[in-house]
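So you can see what is in the structure, the chains are spelled out below.
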Amino acid sequence: MKVAILSGSVYGTAEEVARHAQNLLKAAGFETFYNSRAALADIQAFGPEALLAVTSTTGMGELPDNLQPLYSAIRDQLPAAWSDLPGAVIALGDASYGDTFCGGGEQMRELFDELGVNEVQEMLRIDASESVTPETDAEPWLARLIEALKG
């Protein structure tokens, strides 16, 4: 199965989590595509059979600047080929921001819903105020995602 990983990061933490997820998916036998600067055409050329979004959240609950162009391109086109694909989201944020905690991840979940992507696992929320090793903290969730994608 081919898994495309989309990511948005402010300080690089979400990119580290995305790279770690890529390594775990590859070790489990999946073919992966990950490029933090990928354009929609790059991802479409890969032909994903599953989608994973890993994103941090800016202070106002928005997506990071580096994910905005890809997010907008996907929303504008809503690729029909992605309908019914399995997908999941890892959201990074800081719970001290209250209502906007993991808002970037919520935006990706909404986009996946618009696309018709089947959420195979509930969104993982990683709280920066509690986690010092988000890539390690994501491992149990990623192990369950791998099982869901294999199932």
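Calculation notes
Residues numbered from 1 in each chain as written. Predicted model: local features only at pLDDT ≥ 70, side-chain atom pairs only at ≥ 80, totals over all residues. Heavy atoms only, no water. UniProt positions renumbered as here; feature names shortened; annotations may be inferred. Helix = DSSP H or I, 4+ residues; strand = E, 2+ residues; numbered from the N terminus. Buried < 20%, exposed > 50% of the residue type's maximum accessible area, 1.4 Å probe, protein only. Core = buried A, V, L, I, M, F, W, Y, C linked by side-chain atoms within 4.5 Å. Expected span 1.5 Å × (residues − 1). Arc of directions from axis to C-beta.

The protein is annotated in an unreviewed UniProt entry as Flavodoxin of Pseudomonas triticicola. The heading Cofactor (unreviewed entry) in the UniProt record of the protein holds the text "FMN".

Caption draft 1: Structural view of unusual backbone geometry. At Leu-78, a position not held by glycine, the phi torsion is positive, near 40°. Its place among the elements puts Leu-78 in the loop between helix H3 (68-77) and strand S4 (86-93). A relative accessible area of 35% means that Leu-78 is categorised as partly exposed. Phi at Cys-102 takes a positive value of approximately 60°, unusual for a residue other than glycine. Tracing the backbone shows Cys-102 in the loop between S4 and helix H4 (103-115). Cys-102 sits in the buried class, given a relative accessible area of 0%.

Caption draft 2: View of the UniProt feature "domain: Flavodoxin-like" (unreviewed entry) in the protein. Following the UniProt record, one finds the feature "domain: Flavodoxin-like" (unreviewed entry) at residues 3-146. Spanning residues 3-146, this segment combines 40% helix with 21% strand, and its end C-alpha atoms are found 10 Å apart.

Caption draft 3: Expanded view of the nonpolar core. Ranked by size, the top nonpolar core spans 25 residues in total, and within it Ile-43, Ile-74, Trp-82, Met-108 and Phe-112 carry the most contacts. For this core, the secondary structure elements donating two or more residues are strand S1 (2-8), helix H2 (40-46), strand S3 (50-55), H3, S4 and H4. If you look at the next biggest cluster of nonpolar residues, it comprises 23 residues, including Phe-30, Ala-88, Leu-92 and Ala-138.

Caption draft 4: Region of the structure containing helix H1 (residues 13-27). Spanning 15 residues, H1 covers 21 Å between terminal C-alpha atoms, matching the ideal 21 Å at 1.5 Å per step. If you check which residues of H1 are buried, you get Ala-14, Glu-15, Val-17, Ala-18, Ala-21, Gln-22 and Leu-25. Viewed end-on, H1 has its buried residues packed into an arc of 160°, placing them on one side of the element. Immediately downstream of H1, the backbone of Gly-29 shows phi near 100°, a positive value.

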